[in-house]
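Spelled out from the first residue to the last, the chains are:
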Amino acid sequence: APDTRAAILAAARSLFAAHGFAGTSMRAVAAEAGVDAALVHHYFGSKDDLFIAALELPVDPRVVVRPVIEGGVDDAGEQLMRLFVSVWDDEHTRTPLLALVRGILDPGGAQLVQDGFLRMVLGPVGAGLGIDEPERRLPLVASQLVGLVVLRYVVGVEPLASMPAEDLVAVYAPTLQRYLTGPLP
């Protein structure tokens, strides 16, 4: 029933915002929505699937990052940057993502970056590529990508706002690659 699914999603959004991914259980979502926990599993399968649905992302990041992983670690910085820019330069995907980014500074926004971006987007990339020290490397990668989103797509700082995608890839990819595989201090 659409009402039941909507109630579960509303409960999930509220609990994920208040307690983050780690602090939210499927049982707690079910209790908040007034349904049996089995129903939450029926509609959404796993907690990861529920989290992605609650974010209302225009793309499933776990699917979108597969080509980066399949491309291997040697070219990962460039592949990740190409993917990232292609998703953000597409107006269909950019518009709903902008709403999420603008919420970063709201209460619970930091948790969104940690649970949504680091855990659901970059986490699978790090694991799939088998990079060492992902707990150090992935936040460095995130700093570049989140910074680019804010300056290019939210604030519109030139020359980033109008820079061609290929130029962005050329500028950012070596830094991403260094963060993923280069020596760390």
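First, a word on what this report is: a plain description of the structure on this page. (Residues numbered from 1 in each chain as written. Predicted model: local features only at pLDDT ≥ 70, side-chain atom pairs only at ≥ 80, totals over all residues. Heavy atoms only, no water.)

1. What to know about the packing of helix α10 (residues 134–155) against helix α11 (residues 165–181)
Rule in force here: For every element, the axis is a line fit to its C-alpha atoms; helices are fit only across the contacting stretch, and the angle between N-to-C directions ranges from 0 to 180 degrees. Secondary structure elements follow DSSP: runs of H or I of four or more residues count as helices, runs of E of two or more count as strands, with numbering from the N terminus. Roughly parallel here means an angle under 35 degrees, roughly antiparallel means over 145, roughly perpendicular means 65 to 115, and every remaining angle is called oblique. We call a crossing left-handed when the near helix sits turned anticlockwise from the far one by less than a right angle, and right-handed when that turn is clockwise. Should any heavy atoms of two residues lie within 4.5 Å, those residues are considered in contact.
One can describe the packing of α10 onto α11 by two numbers: an axis separation of 7 Å at closest approach and a directional angle of 160°. For the element pair α10 / α11, the angle class is roughly antiparallel. The handedness of the crossing between α10 and α11 is right-handed. Of α11, the residues touching α10 (which contributes R137, L138, L140, V141, S143, Q144, L145, L148 and R152) are L168, Y172, T175, L176, R178, Y179, L180 and T181.

2. Remarks on the packing of aromatic side chains
Formally: For Phe, Tyr and Trp, where Trp contributes only its six-membered ring, two rings pair if their centres lie within 6.5 Å, and the inter-plane angle classes them as stacked under 30 degrees, edge-to-face over 60, or tilted in between.
Enumeration according to the criterion identifies five aromatic pairs in this entry. Among the aromatic residues, ring-to-ring pairing joins F84, W88, F117 and Y153 into one connected group.

3. Quick notes on unusual backbone geometry
Rules: The classification of residues rests on relative accessible area computed with a 1.4 Å probe and restricted to protein chains. Under 20% of the type maximum is buried, over 50% is exposed, and intermediate values are partly exposed.
Note the cis peptide between E158 and P159, where omega equals 5°. Mapping P159 onto the fold places it in the loop between α10 and α11. Despite not being glycine, E133 has its phi angle at roughly 50°, a positive value. Mapped onto the elements of the fold, E133 is located in the loop between α9 (109–129) and α10. Note on E133: relative accessible area 29%, which makes it partly exposed.

4. Overview of the environment of H19
One can find H19 in helix α1 (residues 2–19). Taking the C-alpha atoms as reference points, H19 and Q111, 92 residues apart in sequence, are found 8.3 Å from one another.

5. Section: the side chain of T24
Locating T24 in the fold gives a position in the loop between α1 and α2 (26–33). Beyond its immediate sequence surroundings of up to four residues, T24 is in contact with L15, F16, H19, V29 and K47.

6. Observations concerning the nonpolar core
A general tendency of soluble globular proteins is for nonpolar side chains to be buried together. Note the following rule: What makes a nonpolar core is a set of buried Ala, Val, Leu, Ile, Met, Phe, Trp, Tyr and Cys residues whose side-chain atoms join them at distances within 4.5 Å.
By size, the foremost hydrophobic cluster in this structure holds 35 residues, and its most contacted members are M81, W88, L122, V141, L145 and L168. Elements with a contribution of two residues or more to this core: α7 (76–89), α8 (91–102), α9, α10 and α11. When residues in this core are grouped by element, the largest group, eight residues, is from α7. With sequence-adjacent residues up to four places away left out, M81 is seen in contact with L145, L148, L168, V169, Y172, A173 and L176. In this structure, A11, A30, V40 and A54 belong to the second largest nonpolar core, which totals 21 residues.

7. Examining empty space enclosed by the protein
Condition: Both cavities and pockets are sets of points on a 1 Å grid over the protein atoms alone; in a cavity a 1.4 Å probe fits but cannot get out, in a pocket the set is open with protein on both sides within 12 Å along at least five of seven lines, and lining residues sit with an atom within 4 Å of a point. Grid points are joined across faces, edges and corners, and a volume is the space filled by probe spheres set on the points. Residue classes follow a fixed rule: Ala, Val, Leu, Ile, Met, Phe, Trp, Tyr, Cys and Pro count as nonpolar, while Asp, Glu, Lys and Arg count as charged, and any other residue, Gly among them, counts as polar.
Under the defined criterion, the tally for this structure stands at one cavity of 30 Å³ or more. In terms of lining, the largest cavity is formed by 26 residues, of which the most central are F84, W88, L97, F117 and V121. Elements supplying a minimum of two residues to the lining of the largest cavity: α4 (47–55), α5 (61–64), α7, α8, α9 and α10. Ranked by residue count, the leading element in the lining of the largest cavity is α9, at seven residues. Of the residues assigned to the lining of the largest cavity, the class counts are 25 nonpolar, one polar and no charged.

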